[in-house]
Amino acid sequence: MSSTDFPGVRWHGHWVAPDVPSFTIDPTSVGSDLAPAGFSRVLFRRIFDLPDVPARVPLRISADSRYVLWINGAEIGQGPIRSQPRRLRYDEYDIAARLRPGRNVVAVLVTYYGHPNSFWQPAASSSVMGRDAQLVLEARLGDEWLVTDERWRALRSRAWRALEAGKALDGVPIELLDARELDPAWVQPDFDDSSWVPATVLKAGHDGALAESRPPVDPYGAMLARGIGMLDGPRVVAPSIVVQGAPALADLPDHPAERLIRQLREGGPKQVGRLPLTVDRGPDAATLITVDFGRIVAGHVELEVDAPPGVRLDLFYQESARYDAARGPVDSAPRSSASYVTRGFADHYRAVDINGLRQIFLMIPPGEGAVTVRDIAVSEQHYPFTRGATFHSSDPELDRLYRAGIRTTELNSFDAFTDCPTREQRAWVGDGVVHQMVHLVANEDWRLARNYVTLGASPRADGMLPMSVAGEIEYRGGYTIPDWALHWIHGVWNQFRHDGDRSATLELLPVAERVLRWYEPYIDDRGTLSDLPEWNLIDWSSVFSSGRSSLITGLWARGLAEYAEMADWLGNTGSAAWARTLWENARVGYEDFWSPGRGSYVDHIVGGKQMPALSQAAGAVAIVSGLAPPERRAGIVDVITEASRLVVRSWIGGEDGGYDMTKIVEQTLGIYRIDWDVDHEIVLAEPFFSYVVHDAVAAAGRADRLPGLLRRWSVFLQDGFDTFGECWGWGTPVHAWSSTPTKDLIWYVLGVTPDEPGYAAVRVAPRPGGIERMAGAVPTPHGLVRVEVANGRVGVDSPVPVRFVSSSGEETSAAAGHSDFVL
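Owing to the predicted nature of the structure, the values given are computational and were not obtained by experimental measurement.

Undergrad: Can you help me understand the sheet that holds strand β13 (residues 197–198) in this one?
TA: In spatial order, the strands read β5-β4-β7-β2-β10-β13; together these six strands make up an open sheet with antiparallel pairing. One side of each edge strand has no neighbouring strand; the edge strands of this open sheet are β5 (74–79) and β13.

The following block contains the structure:
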């Protein structure tokens, strides 16, 4: 699309709804927020005739909360991507290929979630605009416009319902669909919609609104283009099924997951089967079908059956390879699920929202009439990796780790970077920095990486970022994880180094400065940070951040240094000097954390006394922040990577693979149970913070050790899983914050990083360790940089100038093109 397709600021299309909801407005509370309407799904249609089809028909569309668009029965796309309401996005399509001379129809399903969830938050509006399901669309048909207005037909569907309050977590919504209330032909041109109501044009009603109904209008403002690519993925069918019978239980709850959990506990002997499968139902027994896809998949669950009308089919999704309802579910295990009531014909269910899972449990209830299950599948939907970037070597284990990091990140790359597809799907501001780095090294499309820092730039009134954005956490505006914003600053710096976008960096720099200034009231008389409020998470490992904190000071100092570099690059020397002054003050006081007898830095100081805990994370932040003198850094790495001294400990991880609620409560109360030799042993960083540890290893000149350190991640690749889990021994099996091996293999082992912002030049410094041969292709804005290492020689094909650093530290410069070097 181009600006000539949709010139100007004002849209032609109007915001429309199925009806105008009624609200009680308190006249004494000027400008107060109105409560959002409840959950609903609304069908919109517009019939139009064409004498002929133009060569191009650009269309743009948005909705609150989400839409699915069809043209003449063909699904075109879904959106909009998650955002804060005042930065609402729209999508663009060319629909010419789906149109035909004569009668055509545009059909749109709009979901309004009502209750804020992990990926959507309600708008704040003082009128009916922004408080219920609404749609805006415009398409250019030659010299004419097709727009949303009162000529559209609308129906608030009774087919979907939401679980009552308290019966669903704030993660992925539970979908309950009664297909008897949904005619599948509603997306076709010949469907009779005469019983539907005309769409209602919504008009802004606040002071000064002038009854405007077309964007830009409050509470959405000037909506923004999508800015990222479309989601895609293969359709994954059930490889085989396991079938078992169970005595039918009475009085089952409404929640599909709870229904399945109770019924699975009664399950009888299991038999392997294949689809299609016909179940001859009886009055006393339920049939349970289990599908194991063999690895985590993420997308739209699909189910195709032949059944009498009115049969409720419940689906329950699990991430585990060994889920056993008889043992009782882990408290923190997901309850993602759905139910589908058959219509008796054309029973093909496709979930509206995305779910991540490894297993699907399907329950066919007792009753009369056979049920034939023809298909169970997941149509994967995630952000595509272009596949031009590569890494391969003579070491199959490392190659597998590289691919696993991509797969894990891919399954957490939707319309934003998420923590895990199987549970929350939240856009955590800190987690996403690892996803971003994987995209920067393994995907030629960097738009989602850029979106990570743009979406996260949504500060509170005090300048600090929410811990998770564009969802219920940001909506509620409560406490945050301040150090997550420091990882976000690192993401801004990563993006600046890789794409060199001056305008984007200039836009984000004030947000980064406000985050850094948020810490100023907590600077003690030694220049370090003390007694910080809110949730200073750092890592899921057992680290200490109370009192004077070396960990938070180090992350803050890294942010100050990165901010100063970007400010200098933009010519903002005053801001750079401010940041460097704070960094220098911190450097002086940071010496108080140094433990010369142990060769690293302690986690914290309380009451003027060093506490004995000395974590891997503390040594790492001392290096990446630059606060540790250069002559100490190699020795610190030796200490914090000494395998015989490392122990795995977490304040919240449970022995059952989930969260330990007792530990969580104790930590909330300030109770820390130290069950390791705190004077001699070192707590290992969990997979997320390991990205900082590995950055430190490389910064200390020990990158040749990384191939050995990365092998720990192979523990995740068991039982068919090809993704990295959340933590060492517990958590989800697909957590993209654990994907640092992919980044490390490119940046530090193959040794390819930007030498100047925007990859104006490339630095190549391979450190293969014991790898005999390796090669890779690394994306840059100018094309792929290809590096091949074998027999002590390095070949480089680069579209930009090269600075090569040999294993001895000797530097050589080369022009763009092909170059050969001696390692």
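Back to the text.
Undergrad: Is there a simple way to think about the pairing of strand β41 (residues 802–805) in this case?
TA: Across three bridges, strand β37 (residues 762–764) lies against β41 in parallel orientation. Across the sheet, the residue bridging to valine 764 is phenylalanine 804, located in β41. Looking at chain direction, β41 and strand β42 (residues 811–814) are connected through four bridges and run antiparallel. The partner of arginine 803 across the bridge, within β42, is serine 813. Between β41 and the antiparallel strand that follows it, β42, lie five residues; glycine 809 among them carries a positive phi value of about 95 degrees.

Undergrad: Any chance you could explain the layout of surface pockets here in plain terms?
TA: If a probe as big as a water molecule is rolled over the atoms, it shows which places are left empty. Taken as a whole, the second largest pocket holds about 880 Å³ of empty space. Forming the boundary of the second largest pocket are 31 residues, of which Trp493, Asp695, Ala698, Ala699 and Tyr748 lie nearest the centre. Elements with a contribution of two residues or more to the lining of the second largest pocket: α6 (482–499), α8 (550–569), α10 (616–624), α13 (690–699), α15 (740–750) and β36 (752–754). Tallying contributions element by element places α6 first for the lining of the second largest pocket, with five residues. Partitioned by chemical class, the residues of the lining of the second largest pocket number eleven nonpolar, eight polar and twelve charged.

Undergrad: Help me understand α15 in this model?
TA: Structurally, the α-helix is built with 3.6 residues per turn, so residues lying three or four positions apart point the same way. Burial within α15 is extensive, with eleven of its eleven residues counted as buried. Turning to α15, its buried residues are Thr740, Pro741, Thr742, Lys743, Asp744, Leu745, Ile746, Trp747, Tyr748, Val749 and Leu750. Following α15 by one or two positions, glycine 751 adopts a phi angle in the positive range, close to 85 degrees.

Undergrad: Is there a simple way to explain the environment of threonine 278 in this structure?
TA: When you line up the elements, threonine 278 lands in strand β19 (residues 277–279). Threonine 278 sits in the partly exposed class, given a relative accessible area of 45%. A C-alpha to C-alpha distance of 5.7 Å links threonine 278 and valine 371, two positions 93 residues apart in sequence. One polar contact links threonine 278 to threonine 372, side chain to side chain, over a distance of 2.9 Å.

Undergrad: What should I look at first to understand a nonpolar patch on the surface in this one?
TA: A contiguous nonpolar surface patch, about 270 Å² in accessible area, is contributed by Val665, Leu669 and Ile671. Within the secondary structure, leucine 669 is located in the loop between α12 (661–668) and β35 (682–683).

Undergrad: Help me understand the side chain of aspartate 375 in this model?
TA: Along the chain, aspartate 375 turns up in strand β25 (residues 371–380). Given the relative accessible area of 16%, aspartate 375 is considered buried. Only 2.3 Å separates the side chain of aspartate 375 from the side chain of arginine 235, close enough to count as a polar contact.

Undergrad: Help me understand the nonpolar core, please; the structure alone is not making it clear to me.
TA: Buried together is how nonpolar side chains tend to be arranged in soluble globular proteins. Counting residues in hydrophobic clusters, the biggest one holds 157 residues, and the most contacted among them are Trp488, Tyr519, Trp556, Phe689 and Val787. With ten residues, the top contributor of residues to this core is α8. With sequence-adjacent residues up to four places away left out, tryptophan 488 is seen in contact with Val429, Tyr452, Val453, Gly456, Ala457, Leu465, Leu508, Val511 and Ala512. Among the nonpolar cores identified, the runner-up in size contains 44 residues, and Val297, Val305, Leu357 and Val371 belong to it.

Undergrad: Is there a simple way to think about the pairing of strand β39 (residues 785–790) in this case?
TA: Two faces, one strand: in a regular strand the side chains alternate between the faces of the sheet. Here strand β38 (residues 773–778) pairs with β39 via six bridges, running antiparallel. Note that in β39 the partner of methionine 774 across the bridge is valine 789. A loop of six residues connects β38 with β39, the two strands running antiparallel in sequence, and glycine 783 in this loop sits at a positive phi of about 125 degrees. Counted between consecutive antiparallel strands, the loop separating β39 from strand β40 (residues 793–798) contains two residues, among which asparagine 791 sits at a positive phi close to 55 degrees.

Undergrad: Mind showing me how you'd approach the sheet that holds strand β29 (residues 548–549) here?
TA: The pairing of strands in a sheet happens through backbone hydrogen bonds and is either parallel or antiparallel. Here three strands make up an open sheet; going across it, the order is β29-β32-β33 and the pairing antiparallel. The two strands at the open ends of the sheet, each matched to only one other strand, are β29 and β33 (609–610). Bridge analysis of strand β32 (residues 604–606) against β33 gives two bridges, and the strand direction is antiparallel. Paired with valine 606 across the strands is lysine 609, a residue of β33.

Undergrad: Help me understand the environment of glycine 608, please; the structure alone is not making it clear to me.
TA: The residue glycine 608 is located in the loop between β32 and β33 in this model. We classify glycine 608 as exposed; its relative accessible area is 72%.

Undergrad: Would you take a moment to explain the environment of serine 739 for this structure?
TA: Of note, serine 739 is situated in the loop between α14 (706–710) and α15. Measuring from C-alpha to C-alpha, the distance between serine 739 and tryptophan 713 comes to 9.0 Å, with 26 residues separating the pair along the chain. The contact partners of serine 739, leaving out residues within four places of it in the chain, are Gly405, Thr408, Thr409, Val434, Val438 and Phe724. Looking at serine 739, its side chain comes within polar contact range of the side chain of threonine 409, at 3.4 Å.

Undergrad: Looking at this structure, I do not really get the packing of α8 against helix α9 (residues 573–590). What am I missing?
TA: To characterise two packed helices, one gives the angle between the axes of the helices and the distance between these axes. The contact between α8 and α9 brings their axes to 8 Å, and the two run at 155 degrees. One way to sum up the angle between α8 and α9 is to call them roughly antiparallel. Crossing handedness for the pair α8 and α9: left-handed. Taking contact as the criterion, the partners of Ser550, Thr553, Gly554, Trp556, Ala557, Leu560, Ala561, Tyr563, Ala564, Glu565, Ala567 and Asp568 in α8 are, on α9, Thr573, Ser575, Ala576, Trp578, Ala579, Arg580, Leu582, Trp583, Ala586 and Tyr590.

What counts as what
- Residues numbered from 1 in each chain as written.
- Predicted model: local features only at pLDDT ≥ 70, side-chain atom pairs only at ≥ 80, totals over all residues.
- Heavy atoms only, no water.
- Pairing = 2+ DSSP bridges.
- Helix = DSSP H or I, 4+ residues; strand = E, 2+ residues; numbered from the N terminus.
- 1 Å grid on protein atoms, 1.4 Å probe; cavity = no way out; pocket = protein on both sides within 12 Å on 5 of 7 lines; lining within 4 Å.
- Points joined across faces, edges and corners; volume = space filled by probe spheres on them.
- Nonpolar A, V, L, I, M, F, W, Y, C, P; charged D, E, K, R; others polar.
- Buried < 20%, exposed > 50% of the residue type's maximum accessible area, 1.4 Å probe, protein only.
- Polar contact = N/O pair within 3.5 Å; in protein donor to acceptor, adjacent residues only side chain to side chain.
- Patch = residues over 30% accessible without salt bridge, like charges linked within 9 Å, V, L, I, M, F, W, Y side chains within 5 Å.
- Areas by Shrake-Rupley, 256 points an atom, 1.4 Å probe, with all protein chains shown as cover.
- Salt bridge = Lys/Arg side-chain N within 4 Å of Asp/Glu carboxyl O.
- Core = buried A, V, L, I, M, F, W, Y, C linked by side-chain atoms within 4.5 Å.
- Contact = heavy atoms within 4.5 Å.
- Axes fitted to C-alpha atoms, helices over the stretch in contact; angles between N-to-C directions.
- Parallel < 35°, antiparallel > 145°, perpendicular 65-115°, else oblique.
- Left-handed = near helix turned anticlockwise from the far one by under 90°.

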